[in-house]
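A look at the structure
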Amino acid sequence: MSARRSPLPLVLGAFLLGLLVLAAVVWWQLRGVPAPTREVTATPALIARGEQLARAGNCMACHTARGGEPWSGGHVVKTPFGDLVSSNLTPDPDTGLGGWSAGEFWRALHHGQSRDGRLLYPAFPYTHTTLLQRDDVDALYAYLRTLAPVRREHEPHRLRFPYNTQAALALWRAMYFEPGEYQPDTSRSADWNQGAYLVRGVAHCAACHAERSTLGGSGDSAAFGGSLMPSGDWWAPSLRDPAEAGVQDWSLDDVVALLRTGRGGGASTLGPMAEVVLHGTQHLPEADLRAMAVFLKDLPVQPVKRPAFEGAEPAVLARGGRLYDNHCAQCHGDQGQGAQGIYPPLAGHRAVTQVSPVNTVQAILSGGFGPATAGHPRPFGMPPYRSLLNDEEIAAVASYVRQSWGNKAGAVSALDVARVR
Ligand code: HEC
Ligand code: HEC
Ligand code: HEC
């Protein structure tokens, strides 16, 4: 008989060791960090700075339920793992931040840990706010304490198992989250650094624009490769590809205009990006917008991977063409040329030729207006086609605009439309 030993003990040992390592990782994450003691003297200047940062971070929009009291929480963030509900940030002593110390608030933004030590879900973009300097966190704290307290109990999150466990969150954090303040790059200009600090930090642009893994995200504040938003109904295009949403070849003024008015460089913002402009960037000082523009223009170009071109069936294109003539041409023009300053062109327009058809489908389904900003108070609108056209018709007209007048982007299927609808 051979003396070969069974591999079972070895496999079992490796398995147990693996479990032990996992348990250690979870334990390490769960033990968290203590909240530092810190006194904050709320001067008017500090409060004003806090208000500005809160604008840049779009905190209010995400901490206000539809029709609810501003800042009192209850806004639902949809993710593939379930629904998360945002917290009450008013200084109510029982249901809000009333009892929180400045140190506890800092720990939440820097380390993603609640007052009671619970680890927080990254739907709250603390993987980005971790970059904030202590003074700026204090400014936000000072500003939030000036709000009127609103009593509103925290609604429980509605997450599926195992995503609703702290252990799952601990593992996610071990993989994707590293707390740490922004470290200036001394080889770059002051503007570039200020822009990087805002874009990667409080404005958390990468929360939507980063490429995302199946586990719900990189958490990397410096990844801008583009991805489907967790809600699945909008595509946040790559900021590193000028054919998607990159602004590398735009003028600085056009980038500033886009962030201030929702329009610029021939582009207009839609959906979640229009909200970012509406609640956030339009309120920022010129100097901050310029700094952000400097940083965005300097992002290294990396073209997105496009699948091999596949033309739609001729019959589908013909049908799409008829639908286009009936429903769209009066505004966007027979040749998709648009009308200067009123209706965007669709020919050669990157919003239509992006690698993902989701935003084009979304624009047709929901119609829309750009954000009504101080700089562009009355944007021209487009009617929604949600109840007028079925999935097949929308797929046909979307395929038509993606493949006409020199546009060369992938065809759209009825299933693609159903997913967005
Ligand atoms: C995309 C939506 C979103 C944005 C933007 C956002 N938050 Fe939140 N925030 C949440 C959600 C969801 C939670 C709840 C997380 C949890 O309970 O695990 C939360 C939790 C928090 C908490 C912890 C509250 C508690 O009771 O533990 C603080 C503090 C907070 N947010 C502050 C801010 C600030 C300041 C900003 C702006 C810089 C901001 N948030 C922006 C969604 C958001
Ligand atoms: C809540 C998600 C979200 C956040 C946060 C966000 N974006 Fe966007 N962004 C989008 C989506 C979705 C689009 C595509 C729709 C559109 O073109 O407006 C977009 C489009 C853009 C475009 C292209 C506009 C165009 O039409 O060509 C730029 C540039 C941009 N974003 C920059 C930023 C910057 C800078 C920030 C941070 C201040 C930011 N985004 C934050 C979701 C987001
Ligand atoms: C009444 C005029 C009108 C009609 C009809 C119309 N649109 Fe639009 N469309 C607009 C306007 C205005 C915008 C810009 C909206 C904005 O800035 O948010 C727009 C935006 C778009 C966009 C997004 C472009 C971008 O800049 O991001 C697409 C795609 C689009 N339309 C396709 C269509 C298609 C396809 C049809 C027909 C099914 C159609 N439109 C019918 C006026 C119209």
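Attention here is on the structure that accompanies the text.

This part is about the site of ligand 2. The environment of ligand 2 is formed by 26 residues, the closest being C205, C208, H209, L270 and M273. Here H209 contributes a side-chain N or O atom positioned 2.9 Å from a nitrogen atom of ligand 2. Within the side chain of R350, an N or O atom sits 2.8 Å from an oxygen atom of ligand 2. When contributions to the shell around ligand 2 are tallied by element, the ones reaching two or more residues are α9 (206-209), β5 (235-236), β7 (267-268), α11 (271-280) and α12 (286-297).

So, on to the pattern of salt bridges. Per the counting criterion, the structure on display carries 18 salt bridges. Among the salt bridges present, the one from R158 reaches D83, with a minimum N-O distance of 3.7 Å. Here R158, found in strand β3 (residues 158-159), pairs with D83, found in strand β2 (residues 82-85); they are 75 residues apart in sequence, far enough to count as distant. For R158, a relative accessible area of 41% translates into the label partly exposed. Residue D253 is joined to R290 by a salt bridge in which the shortest nitrogen-to-oxygen separation is 2.7 Å. Of this pair, D253 sits in helix α10 (residues 252-261) while R290 is found in helix α12, placing the two residues 37 residues apart along the sequence. Under the relative-accessibility criterion, D253 is labelled partly exposed at 47%. R290 gets classed as partly exposed once you look at its relative accessible area, which sits at 27%. Here the salt bridges share partners, and the residues they tie into one network are K78, D83, R152, E155 and R158.

Another point: the packing of aromatic side chains. Describing an aromatic ring pair means giving the distance of the ring centres and the angle of the ring planes. Under the definition given, this model contains 13 aromatic pairs. Consider the rings of F105 and Y141, whose centres lie 5.7 Å apart with planes at 45 degrees: the pair is tilted. Of this pair, F105 sits in helix α4 (residues 102-111) while Y141 sits in helix α6 (residues 134-144), and the two are 36 residues apart along the sequence. Judged by centre distance (5.6 Å) and plane angle (85 degrees), the ring pair of Y400 and W405 falls under edge-to-face. The class for Y400 is buried, based on a relative accessible area of 16%. What links up through ring pairs into an aromatic cluster is the set F124, Y126 and F177. When the ring centre of W106 is taken as reference, the NZ or CZ atom of R134 above it lies at 4.6 Å.

One open sheet holds the three strands; their spatial order is β1-β2-β3, and the pairing between them is antiparallel. The sheet is open, and its two borders are formed by β1 (76-79) and β3, each paired with just one other strand. When β2 meets β3, the two strands line up antiparallel, connected through two bridges. Across the sheet, residue D83 finds its bridge partner in β3, namely R158.

This part takes up the coordination of the iron atom of ligand 3. Taken together, the protein donors to the iron atom of ligand 3 comprise H332 (NE2) and M382 (SD), at separations of 2.0 to 2.1 Å. Seen from the iron atom of ligand 3, its six donor atoms lie at angles of 86 to 179 degrees, and the figure they make is octahedral. Note that H332 is positioned in helix α14 (residues 329-332) and M382 in the loop between α16 (358-366) and α17 (391-402), a separation of 50 residues in sequence. Using a relative accessible area of 25% as the deciding quantity, one classes M382 as partly exposed.

Further remarks concern the side chain of T353. Along the chain, T353 turns up in helix α15 (residues 350-353). Looking at T353, the relative accessible area reads 16%, which means it is buried. Not counting chain neighbours up to four residues away, the residues in contact with T353 comprise R306, R402, N407, K408 and A409.

Around ligand 3 sit 25 residues, and of these L270, C328, C331, H332 and M382 come closest. S268 has a polar side-chain atom sitting 3.2 Å from an oxygen atom of ligand 3. Note that an oxygen atom of ligand 3 is positioned 3.0 Å from one of the side-chain N or O atoms of H349. Elements with a minimum of two residues in the shell around ligand 3: α14 and α16. Split into classes, the residues belonging to the shell around ligand 3 amount to 15 nonpolar, nine polar and one charged.

A rise of 1.5 Å per residue sets the reference length of helix α1 (residues 8-31), with its 24 residues, at 34 Å; its end C-alpha atoms lie 34 Å apart and thus fit the reference within 8%. A positive phi of about 65 degrees marks G32, the residue just after α1.

Moving on: a nonpolar patch on the surface. Together, L12, F15, L16, L19 and L22 make up a nonpolar patch on the protein surface, roughly 490 Å² of accessible area in all. Inspection of the secondary structure puts L19 in helix α1.

On to the pairing of β2. Where β1 and β2 come together, four bridges link them in antiparallel fashion. Note that in β2 the partner of V77 across the bridge is L84. Between the antiparallel neighbours β1 and β2 lie two residues.

Considering the arrangement of structural elements, one finds E69 in the loop between α3 (59-62) and β1. The class for E69 is partly exposed, based on a relative accessible area of 49%. Linking E69 and R152, residues 83 residues apart in sequence, is a C-alpha distance of 9.1 Å. Setting aside its immediate chain neighbours within four residues, E69 contacts T64 and V150.

Cut-off values and rules
Residues numbered from 1 in each chain as written. Chains lettered and ligands numbered in written order. Predicted model: local features only at pLDDT ≥ 70, side-chain atom pairs only at ≥ 80, totals over all residues. Heavy atoms only, no water. Near = heavy atom within 4 Å. Polar contact = N/O pair within 3.5 Å; in protein donor to acceptor, adjacent residues only side chain to side chain. Helix = DSSP H or I, 4+ residues; strand = E, 2+ residues; numbered from the N terminus. Salt bridge = Lys/Arg side-chain N within 4 Å of Asp/Glu carboxyl O. Buried < 20%, exposed > 50% of the residue type's maximum accessible area, 1.4 Å probe, protein only. Phe/Tyr/Trp six-rings, centres within 6.5 Å; stacked < 30°, edge-to-face > 60°. Lys NZ or Arg CZ within 6 Å of the ring centre and 35° of its normal. Pairing = 2+ DSSP bridges. Donors = N, O, S within 2.8 Å, 3.2 Å for Na, K, Ca; no water. Tetrahedral: all angles 85-135°; square planar, octahedral: opposite > 155°, others 65-115°. Contact = heavy atoms within 4.5 Å. Nonpolar A, V, L, I, M, F, W, Y, C, P; charged D, E, K, R; others polar. Expected span 1.5 Å × (residues − 1). Patch = residues over 30% accessible without salt bridge, like charges linked within 9 Å, V, L, I, M, F, W, Y side chains within 5 Å. Areas by Shrake-Rupley, 256 points an atom, 1.4 Å probe, with all protein chains shown as cover.

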